[in-house]
Amino acid sequence: MKGTKSEKNKRKIKIEIDFRNLYLIFIPSIVVAIAIVRGFDVSNFLAVLFVCLILMSIVLMDIFRYKPPYTRKKKMLILLMLLLIGTIVFGRGVEYLLMNFSKGMGFANHKAIIYGIPVEAGPMLICLLFDSHTAIIFSFIISMISGIWQGDAFYAFYVFTGSIVAVFSVLRCKKRTDLIKGGVYISGVNVISAIVVSLHEGQFTQYIIQYVIFAATSGISVAAFVSLSLPVLEYTFKVNTDITLLELLDLNQPLMKSLMINAPGTYHHSVIVGNLVETAAEDVGVNPLLARVTAYYHDIGKIKMADYFVENQSNAVNKHEKLTPHMSSLILISHVKEGLELADEYNLPEPVKDIITQHHGRSIMMFFYQKAKEEQSEPPKEEDYRYPGPKPQSKVAALVMMADAIEAASRVLKDPTPSRVAGLVEKIVNNILIDGQLSECDLTLRDINIIKERYSYILNGIFHKRIEYPGFNFNKPQPSEGERDKNNGKESAPKDKDKHPVVQTNNAPGYESLDIRKG
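Since the model is a prediction, treat every value here as computed from it, not as a measurement.

**Looking at the overall build of the protein chain**
Phase 1: A tally of regular secondary structure across the protein chain gives 22 helices and 2 strands.
Phase 2: Looking at the protein chain as a whole, 45% of its 519 residues are labelled buried.
Phase 3: The long-range share in the protein chain, meaning contacts at least 24 apart out of those at least 6 apart in sequence, stands at 72%.
Phase 4: Counting only carbon and sulfur atoms, one obtains 61% of the accessible surface of the protein chain, whose full area is about 28300 Å².

In C-alpha cells, the structure reads:
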C-alpha cells in the first residue's frame, strides 16, 4: 500500500510540474502570434496561434527529453522563452525601421528589406547561453515562424540556413571578436541564399543589388546586437559563456594573484588538477574550459590559513603537531566555507561555487581520523572527520574530486614509474567509488575508465625522467658550513704542492670539484 501511495504522489507531482510549465508554451505563442499576424483577422490569428503552440510544445518536449538539467533551472526556461519572443518582436521592429529607411532612400521593396532583418541573432544567443543542440532546435522553430510571418516558404529556408551558420560559427567562441567573425559568415551565407531566392522568383536582374545589400548587412547587425546584449543577459540570468570563463583564467585576476602569493603550493596543486580534468573532460561530455576554471578555484579557501595545509609548509615544523586531531579536521573543513565566502566576495559564477562545496563530497579525513583513534580511549565519531558535502552532483565535480585526491597522493610516490602511477590512480578512484562519493552524479563505468587512463597519462608526463647533467651531482648531500671550512683547510696544503691548478667549486651547492689540468 505504501508503494502504491508513493507512486500516486509521484504522478501528482509530475502532473503539477507539467501544468506549471504550460505558461512556457502559451505565453510565447500568444505574443508571437500577435506580433506576426497582419491585420485583425481572427481566424488567421487562431491559425497562427495553433501553429505556434505546436512549435513551442516541440521545443519544450525536446528540452525535457534531451536537456533535463534546464528543467531544474526555471530562469533558463524563462530566458529561452524571452529569447524567442525577443527575436520576433525585435525582428518586427527592425522591419518597420528598414521599411521607413528604404522609403526615404527611394527603393521601397519589401521583398529585399526582409533579408536585412537580423533574425539569426536569436539562435546565436541560444548557442552561447545554452548549447548547440537547443540552438539548432530553436533555429528550426524560428525559421518556421519567420516563413509564416512573411508568407514565404523560401524566406523560411533563408532564415534556417543563416541560423545554422550562426550556431556553428560560435561553437568555439572564446573571444568577443569571434562574434564579428560569426557575423561575417552569416553575411556570406545570407548573400548566397538571397541570390538563390531571387533566381527562383525571376527578379535576379531587377532587385539583385538590393537583395545583396540587405543580406550582407544582416550578418553585421547580428554580430552587433549579440555583442551588446550578451553581457546583459549573462549578468541578469547569471549564465556563464566560454568568454566569461576565459576571463577567469587570467592570472591577473585578484583572487588568482592572492592564491599564487599567499598559498603557492595550493596554486601549483590547482594548476595540475586543472590539467588533469581538462584532458578527461571532453571525453566524458564536459566543457573542458569549465572543468579547468573550476579546478583553478576549487581550493581558494586555503588562502586564509595557508600554513595549515602541507603543500604550503616550507619548513619542517607542522602546525598540526600542537593541535588535537579534531581541531585539525575543523581547520581543514573550514577551507570549503571560506572558499564560498571568497567566491561570493569576488562574484565567481555558480558552477565554481558548486565545485568548491562538492569537490570533497562527504569524504573522511583518514589521517586525522586514524590519529584520533590512536590517541583517544573511546573511538571517535566518523561524522566529526567528514566533509559536510554535498557529494558531487555533476561530472565536473566528480572529475575535480578524483583529480584533487590523485594529485595529492602522487606526491608520496618515491619512484613514480608508469606502473606505480597507474596503480595509485586505480586505488584512489576505487576508494572514492567504494565510499559512495560518486553515487549522485551521472558518470558511467566507461567514463571512469577513460578518466583513469587520462589521469595516468598526464601524471606520467609530470613525473618524466631526465638525464643527469655532466659534472653535477644534485643528489649528493651538501656539507654544512663548518665542514666546508675544514675541508678547505685540509685541501690547501696539497694544492700548493700540486704543479697543476685545481679549480674548487665546493662553495656552490650541488657542484662537484672539477680539475683543470694541462693535456
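**Considerations on the nonpolar core**
Phase 1: Grouped together as the largest cluster of nonpolar side chains are 70 residues, with contacts concentrated most on Y115, M124 and F130.
Phase 2: It is helix α5 (residues 74–105) that provides the largest number of residues to this core, a total of 12 residues.
Phase 3: Apart from the residues lying within four places of it in its own chain, the contact partners of Y115 are Y155, Y158, A194, V197, Y211, F214, A215 and S218.
Phase 4: Core analysis: the next-biggest nonpolar cluster, separate from the first, contains 35 residues, V421, L424, V425 and L459 among them.

**Structural notes on the confidence of the model for the protein chain**
Predicted coordinates in regions of low pLDDT should not be interpreted in detail.
Phase 1: Summarising the model, the protein chain shows a mean pLDDT of 85, and 85% of its residues fall at 70 or more.
Phase 2: Throughout residues 1–17 the model reports pLDDT below 50, and contacts reaching past four residues in sequence, or to other chains, amount to 0 contacts.
Phase 3: Across residues 491–519, where pLDDT falls below 50, the model places 30 contacts with residues more than four positions away in sequence or in other chains.

**Digging into helix α9 (residues 153–169)**
Phase 1: In this model α9 runs 25 Å from its N-terminal to its C-terminal C-alpha over 17 residues, within 8% of the 24 Å that 1.5 Å per residue would give.
Phase 2: Among the residues of α9, those classed as buried are Y155, A156, Y158, V159, T161, G162, S163, I164, A166, V167 and S169.
Phase 3: Two or three places before F154, at the opening of α9, D152 has a side-chain oxygen 2.9 Å from that residue's backbone nitrogen.

**Brief notes about the state of the cysteines**
Phase 1: Applying the stated criterion to the full structure yields 0 disulfides.
Phase 2: Considering cysteine sulfurs only, C173 is the nearest to C127, which forms no disulfide, with 8.8 Å between them.
Phase 3: Judged by its relative accessible area of 9%, C127 falls in the buried class.

**With respect to the packing of α5 against helix α8 (residues 132–150)**
Phase 1: Put simply, α5 and α8 touch, their axes get as near as 12 Å, and they point 35° apart. Our pair here, α5 against α8, has a crossing hand that is right-handed. Contacts from L80, L83, L84, T87, I88, G91, R92 and E95 in α5 reach T134, F138, I141, I142, I145, W149 and Q150 in α8.
Phase 2: Within the contact of α5 with α8, the residues separate by chemical class into 9 nonpolar, 4 polar and 2 charged.

**Topic: the side chain of T87**
Phase 1: Note that T87 resides in helix α5.
Phase 2: Assessed through its relative accessible area of 8%, T87 is described here as buried.
Phase 3: From its side chain, T87 meets the backbone oxygen of L83 in a polar contact 2.6 Å long.
Phase 4: Residues contacting T87, with those up to four places away along its chain left out, are V119, G122, F138 and I142.

**Let's talk about a positive patch on the surface**
Phase 1: A contiguous patch of positive charge on the surface is contributed by R72, K73, K75 and K238.
Phase 2: Secondary-structure assignment places K238 in the loop between α11 (204–237) and α12 (242–248).

**Looking at the pattern of salt bridges**
Phase 1: Using the criterion set out here, one finds 22 salt bridges in the structure.
Phase 2: A salt bridge links R411 to E407; its shortest N-O distance comes to 2.7 Å.
Phase 3: In the salt-bridge network here, residues are joined through shared partners; they are R176, E234 and E247.

**Topic: unusual backbone geometry**
Phase 1: G389 connects to P390 through a cis peptide bond whose omega is 5°.
Phase 2: Here the phi dihedral of K238 falls at roughly 55°; this positive angle occurs in a residue that is not glycine.
Phase 3: A positive phi angle is found at N347, which is not glycine, with a value near 55°.
Phase 4: With respect to the helices and strands, N347 occurs in the loop between α16 (325–345) and α17 (350–358).

**A few points about the packing of aromatic side chains**
What characterises a pair of aromatic rings is the spacing of the ring centres plus the angle enclosed by the ring planes.
Phase 1: Tallying each qualifying case throughout the model produces 8 aromatic pairs.
Phase 2: Where Y115 meets Y211, the ring centres are 5.1 Å apart and the plane angle is 40°; that geometry is what we call tilted. Here Y115 is found in the loop between α6 (110–113) and α7 (121–129), whereas its partner Y211 is found in helix α11, with 96 residues between them in sequence. In terms of burial, Y115 and Y211 fall into one category: buried.
Phase 3: With 5.2 Å between their ring centres and 85° between their planes, F367 and F368 make a pair best called edge-to-face.
Phase 4: For the cation-ring pair, R65 lies above Y66, with the distance from its terminal atom to the ring centre recorded as 5.0 Å.
Phase 5: K238 extends its terminal NZ or CZ atom over the ring of Y235, reaching a point 4.7 Å from the ring centre.

The rules behind the values
- Residues numbered from 1 in each chain as written.
- Predicted model: local features only at pLDDT ≥ 70, side-chain atom pairs only at ≥ 80, totals over all residues.
- Heavy atoms only, no water.
- Helix = DSSP H or I, 4+ residues; strand = E, 2+ residues; numbered from the N terminus.
- Buried < 20%, exposed > 50% of the residue type's maximum accessible area, 1.4 Å probe, protein only.
- Contact = heavy atoms within 4.5 Å.
- Areas by Shrake-Rupley, 256 points an atom, 1.4 Å probe, with all protein chains shown as cover.
- Core = buried A, V, L, I, M, F, W, Y, C linked by side-chain atoms within 4.5 Å.
- pLDDT = per-residue confidence, 0-100.
- Expected span 1.5 Å × (residues − 1).
- Polar contact = N/O pair within 3.5 Å; in protein donor to acceptor, adjacent residues only side chain to side chain.
- Disulfide = S-S within 2.5 Å.
- Axes fitted to C-alpha atoms, helices over the stretch in contact; angles between N-to-C directions.
- Left-handed = near helix turned anticlockwise from the far one by under 90°.
- Nonpolar A, V, L, I, M, F, W, Y, C, P; charged D, E, K, R; others polar.
- Patch = residues over 30% accessible without salt bridge, like charges linked within 9 Å, V, L, I, M, F, W, Y side chains within 5 Å.
- Salt bridge = Lys/Arg side-chain N within 4 Å of Asp/Glu carboxyl O.
- Lys, Arg positive; Asp, Glu negative; His and termini not counted.
- Charge placed at Lys NZ, Arg CZ, Asp CG, Glu CD.
- Phe/Tyr/Trp six-rings, centres within 6.5 Å; stacked < 30°, edge-to-face > 60°.
- Lys NZ or Arg CZ within 6 Å of the ring centre and 35° of its normal.

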